[in-house]
Amino acid sequence: MKTILCVGDSITYGYGVILKESWFYLIKNKYKECKFINSGINGDTTVGMMNRLTSEINLHNPNIIIILGGSNDFLCNRKISDTLDNIKIIIKESLEKGIIPIILSPPKMSENMAIEKWDCYCNYKDINYLIDDYEKN
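Please read these numbers as outputs of a predicted model, since none were measured by experiment.

1. So, the sheet that holds strand S4 (residues 100–104)
The parallel open sheet is built from four strands, whose spatial order is S2-S1-S3-S4. Strands at the two margins of the open sheet, each flanked by one partner only, are strand S2 (35–40) and S4. Each strand axis lies, on average, 20 degrees off the axis of its neighbour in the sheet, ignoring direction. Its contacts with the sheet put helix H3 (residues 46–60) on strand S1 (3–8), S2 and strand S3 (64–68), and the angle it makes with S1 is roughly 160 degrees. Along the sheet face, helix H5 (residues 80–96) touches S3 and S4 and points at about 155 degrees away from the line of S4.

Now the structure itself:
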């Protein structure tokens, strides 16, 4: 049985959605022949993901790692280039350990919902532009 480790932020964790509607739950139930591990942490950045990757790999011994992150980096005013560098380090470490990395691009934020649930002073339109640029790289 293949083990698939899903590393990410609140989107991977499933924050703000009904459990059965989270991407993790949907993929886990579609591919029942695999063991899925949700290692998403609310508020995590690619720096956090990168820093905990080795221990996650040692703990779970995955065949595949699905990585979804970047939104919180941009909310923290980090550059796209820095975020991409962190993802490249995660990819490199995965490949060196014989693990297949799969990179997902974060979805755009719903500006109205983000203002209501998080911070009304953040410019989510600008964050969505960064996510667009990030996705292209």
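Anyway, onward from the coordinates.
2. Looking at the pattern of salt bridges
Tallied over the entire structure, the rule returns five salt bridges. Here Glu56 ties to Arg52 by a salt bridge, and the two come within 3.5 Å at their closest N and O atoms. Remark: Arg52 and Glu56 occur in helix H3; sequence separation between them is four residues, near one turn of the helix. By the burial criterion, Glu56 is buried, and Arg52 matches it. The salt bridge partner of Asp132 is Lys108, with a shortest N-O separation of 3.2 Å. Taken together, the positions of Asp132 in helix H7 (residues 124–136) and Lys108 in the loop between S4 and helix H6 (111–117) put the pair 24 residues apart, joining distant regions of the chain.

3. Structural notes on the nonpolar core
Core analysis: the biggest nonpolar cluster contains 20 residues, and Val7, Leu53, Ile65, Phe74, Ile90 and Tyr134 have the highest contact counts within it. Looking at this core, the elements with two or more residues in it are S1, H3, S3, H5 and H7. Each residue touching Ile90, except ones within four places of it in the same chain, is listed here: Thr46, Met49, Met50, Leu53 and Ile67. Membership of the second largest hydrophobic core comes to seven residues, among which are Ile4, Cys6, Cys34 and Ile66.

4. Quick word on the environment of Ser10
Examined against the element boundaries, Ser10 turns out to sit in helix H1 (residues 10–13). Sequence separation between Ser10 and Ser71 is 61 residues, and the spatial gap between their C-alpha atoms is 9.6 Å. Beyond its immediate sequence surroundings of up to four residues, Ser10 is in contact with Tyr15, Ile41, Asn42 and Gly43.

The rules behind the values
Residues numbered from 1 in each chain as written. Predicted model: local features only at pLDDT ≥ 70, side-chain atom pairs only at ≥ 80, totals over all residues. Heavy atoms only, no water. Pairing = 2+ DSSP bridges. Helix = DSSP H or I, 4+ residues; strand = E, 2+ residues; numbered from the N terminus. Axes fitted to C-alpha atoms, helices over the stretch in contact; angles between N-to-C directions. Contact = heavy atoms within 4.5 Å. Salt bridge = Lys/Arg side-chain N within 4 Å of Asp/Glu carboxyl O. Buried < 20%, exposed > 50% of the residue type's maximum accessible area, 1.4 Å probe, protein only. Core = buried A, V, L, I, M, F, W, Y, C linked by side-chain atoms within 4.5 Å.

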